[in-house]
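Chain and residue survey
Chain by chain, the residues:
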Amino acid sequence: MTAPILRRLADLRALTTKWRSNGEVIGVVPTMGALHQGHLSLAAAAKAYCDRVIVTIFVNPKQFNNPEDLANYPRTEHDDAEKLAPYGVDAIYVPEPGEIYPDGFSTTVMVTGLTDTMEGPFRPGHFEGVATVVAKLFLQTQADRAYFGEKDYQQLLVVRRMARDLDIPTEVIGCPTVREPSGLAMSSRNQRLSPTGLEIAARKHAIMQRLADRLTAGEPFAPLADGARADLTEAGFSEVEYIELRCADTLQALPGADRPARLFVAAWAGGIRLIDNIPVEPA
Ligand code: PAF
């Protein structure tokens, strides 16, 4: 059975207030729709722990710095509700835009530091848009726990810091990236890849994993990054925006894998910008 779709905050509040008064643990999975197996794994993780699960679907205009990207973002609410049906979620919150950004809305949540690198400079305003909407969704859903994919690892850390700094009592849980058999990280953007673009994109994970293995073997990062950049170009990526080795907790840049780290790549395949990251075990 598909979960009820709620579009008004007042209707959501009526439910969450009842659940909270029963002492039930509420989990939320914030999404922008176009659900794939990665999102569904978050719903499953939430359901395994929480008494009640809300999946939110809101294509947040404030986090798109490219209007074309916003216009082309897939909107598939009906399919999304059907995909969620087997997971037993309790509500799907698809707020009207005015429920999130009422007339005169003039507040922005900005997390500094963690947002200065990688996606931050390439997508001006993106993390402010994410932090603002996620703060609203945490407060609107009154969730005890929120589930995010490690695919957007920088976003995961930003959202966790935001909740901590603002004393929002929602625990932010990171869940492993779900991958295609080729290793390609599942993403709503993959739907926009042509068959050739998909073939190119599928080569990225193996290149990243080779690099990660050599880091774990103790090699320094800089020459390996140059090699991986060349490998990505040879694989067909038209532009490699960054390859970074960062501390898994602080995102501080690392010269080698001297502590638990993540390897991050942003690159374009077939006209689509793709990001990914993988854990790197310390050498
Ligand atoms: O990762 C996403 O889909 C979005 O950035 C999020 C967290 C739902 C906020 O709009």
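For the structure itself, look to the data block above.
Structure report, in brief. Keep in mind the model is a prediction, meaning the values are calculated, not measured.

A word on the environment of P169
Topologically, P169 is positioned in the loop between α8 (153–165) and β6 (171–175). Classification of P169 as exposed rests on a relative accessible area of 67%. A C-alpha to C-alpha distance of 31 Å links P169 and H78, two positions 91 residues apart in sequence. The residues touching P169, leaving out its near neighbours within four places in the chain, are A143 and D144.

Remarks on the pattern of salt bridges
With the rule as written, the count across this model stands at 20 salt bridges. As a salt-bridge pair, D69 and R192 come within 3.3 Å of each other at their nearest N and O atoms. Of the two residues, D69 sits in helix α3 (residues 67–72) while R192 sits in the loop between β6 and α9 (195–201), which places them 123 residues apart along the sequence. Judged by relative accessible area, D69 falls into the buried class, the value being 13%. Classification of R192 as partly exposed rests on a relative accessible area of 29%. The residue R273 makes a salt bridge to E241 at a minimum N-O spacing of 2.6 Å. Note that R273 is positioned in strand β9 (residues 272–280) and E241 in strand β7 (residues 239–247), a separation of 32 residues in sequence. The exposure class assigned to R273 is buried, which follows from its relative accessible area of 9%. Connected through salt bridges with shared partners, the residues E24, K47, R52 and D90 form a single ionic network.

What about empty space enclosed by the protein?
The tally for this structure, following the rule as stated, stands at two cavities of 30 Å³ or more. Quantified by volume, the largest cavity comes out at close to 890 Å³. Lining of the largest cavity is provided by 46 residues; of these, M32, H39, Y73, D152 and Q155 occupy positions nearest its centre. The set of elements that each furnish at least two residues to the lining of the largest cavity consists of β2 (26–31), α2 (37–49), α7 (126–141), β5 (145–149), α8 and β9. In terms of residues, the lining of the largest cavity owes the most to one element, α7, which gives six residues. Partitioning the lining of the largest cavity into residue classes produces 21 nonpolar, 17 polar and eight charged. When its volume is computed, the second largest cavity comes out at roughly 70 Å³. Taken together, K151, G183, L184, A185, S187, N190, K204, H205, L274, I275 and D276 form the lining of the second largest cavity. Mapped onto the lining of the second largest cavity, the elements with two or more residues apiece are α10 (204–216) and β9. Broken down by element, the residue count for the lining of the second largest cavity peaks at three residues, all from β9. Taken together, the residues of the lining of the second largest cavity sort by class into four nonpolar, four polar and three charged.

As for the packing of aromatic side chains
Within this structure, the stated rule accounts for six aromatic pairs. Ring geometry for F122 against Y242: centres 5.7 Å apart, planes inclined by 45 degrees, an arrangement best described as tilted. Linking F122 in helix α6 (residues 119–122) with Y242 in strand β7, this pair joins segments that are 120 residues apart in sequence. Residue classification places F122 among the partly exposed residues on the basis of a relative accessible area of 36%. When the centroid spacing of 6.2 Å and the interplanar angle of 70 degrees are considered together, the rings of F138 and F148 count as edge-to-face.

Thresholds applied
- Residues numbered from 1 in each chain as written.
- Predicted model: local features only at pLDDT ≥ 70, side-chain atom pairs only at ≥ 80, totals over all residues.
- Heavy atoms only, no water.
- Helix = DSSP H or I, 4+ residues; strand = E, 2+ residues; numbered from the N terminus.
- Buried < 20%, exposed > 50% of the residue type's maximum accessible area, 1.4 Å probe, protein only.
- Contact = heavy atoms within 4.5 Å.
- Salt bridge = Lys/Arg side-chain N within 4 Å of Asp/Glu carboxyl O.
- 1 Å grid on protein atoms, 1.4 Å probe; cavity = no way out; pocket = protein on both sides within 12 Å on 5 of 7 lines; lining within 4 Å.
- Points joined across faces, edges and corners; volume = space filled by probe spheres on them.
- Nonpolar A, V, L, I, M, F, W, Y, C, P; charged D, E, K, R; others polar.
- Phe/Tyr/Trp six-rings, centres within 6.5 Å; stacked < 30°, edge-to-face > 60°.

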